[in-house]
Amino acid sequence: TEPALKSLIRVVGEPLETAKQMLEAEGYNVVIGEYYYDDFYYEGNVISQYPEAYTEVEPGSTITLNVSLGPETTHS
């Protein structure tokens, strides 16, 4: 039988460790994707996830999290 698909929870905006724990508790594997500068999310928070939240995915799937480096500092 096929594993039942589950709607993927949204972890964007969560601190990375919290997001990992939330996804692992749901039975997913978590990998870190890229780190990006971001003016909206604090450093260390998830800025995007793949597959996107609410996508139907199989338990045991790998979820990639991209992480904020915080705002890019410019020195004048």
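## Notes on the sheet that holds strand 2 (residues 29–36)
Here's step 1: Taken together, three strands build an open sheet; the order of strands is 2-5-3 and the sheet is mixed. Looking at the sheet topology across the chains shown, the edges are occupied by strand 2 and strand 3 (46–50). In this sheet, neighbouring strand axes are inclined to one another by 25 degrees on average, regardless of whether the strands run parallel or antiparallel.
Here's step 2: Sheet analysis places strand 3 next to strand 5 (residues 62–68), joined by four bridges and oriented antiparallel. Bridge assignment links S48 to a residue of strand 5, and that residue is N66.

## Describing the nonpolar core
Here's step 1: Counting residues in each nonpolar core, the largest one holds 15 residues, and the members touching the most others are L8, V11, L23, Y28, V46, I63 and L65.
Here's step 2: Contributing elements (two or more residues each) for this core: helix 1 (16–25), strand 3 and strand 5.

## Topic: the side chain of Q49
Here's step 1: Structurally, the position occupied by Q49 is in strand 3.
Here's step 2: There is a polar contact of 2.8 Å between the side chain of Q49 and the backbone nitrogen of V11.
Here's step 3: Beyond its immediate sequence surroundings of up to four residues, Q49 is in contact with L8, I9, R10, V11, V12, T64 and L65.

## Looking at the environment of Q49
Here's step 1: On the accessibility criterion, Q49 (7% relative accessible area) is buried.
Here's step 2: Along the primary structure Q49 and I32 are separated by 17 residues, whereas in three dimensions their C-alpha atoms are 9.5 Å apart.
Here's step 3: Side-chain polar atoms of Q49 contact the backbone nitrogen of V12, separated by 3.5 Å.

Thresholds applied
- Every chain is numbered independently, its residues counted from 1 as its sequence is written.
- Only residues with pLDDT of at least 70 get local features here, since the model is predicted, and only at 80 or more are side-chain atom pairs given and counted; chain-wide, interface and lining totals rely on the full set of residues.
- Excluded from the side-chain calculations are hydrogens and water; all other atoms, namely the structure's heavy atoms, are used.
- Strand pairing is assigned whenever DSSP identifies at least 2 bridges connecting the two strands.
- Note on conventions: DSSP H or I runs of at least 4 residues are helices, E runs of at least 2 residues are strands, and numbering of each starts at the N terminus.
- Geometry is summarised by axes, namely lines fitted to C-alpha atoms with helices restricted to the contacting stretch, and by angles between N-to-C directions that run from 0 to 180 degrees.
- Among buried residues, the Ala, Val, Leu, Ile, Met, Phe, Trp, Tyr and Cys ones that are joined through side-chain atoms within 4.5 Å form a nonpolar core.
- A 1.4 Å probe rolled over the protein chains alone gives each residue an accessible area, and that area as a share of the maximum for its type sets the label: buried under 20%, exposed over 50%, partly exposed in between.
- Pairs of N or O atoms within 3.5 Å make up the polar contacts considered here, provided that, within protein, one atom can donate a hydrogen while the other can accept it, and that residues adjacent in sequence are counted only when both atoms are side-chain atoms.
- Here, residues are in contact when the closest pair of their heavy atoms is within 4.5 Å.

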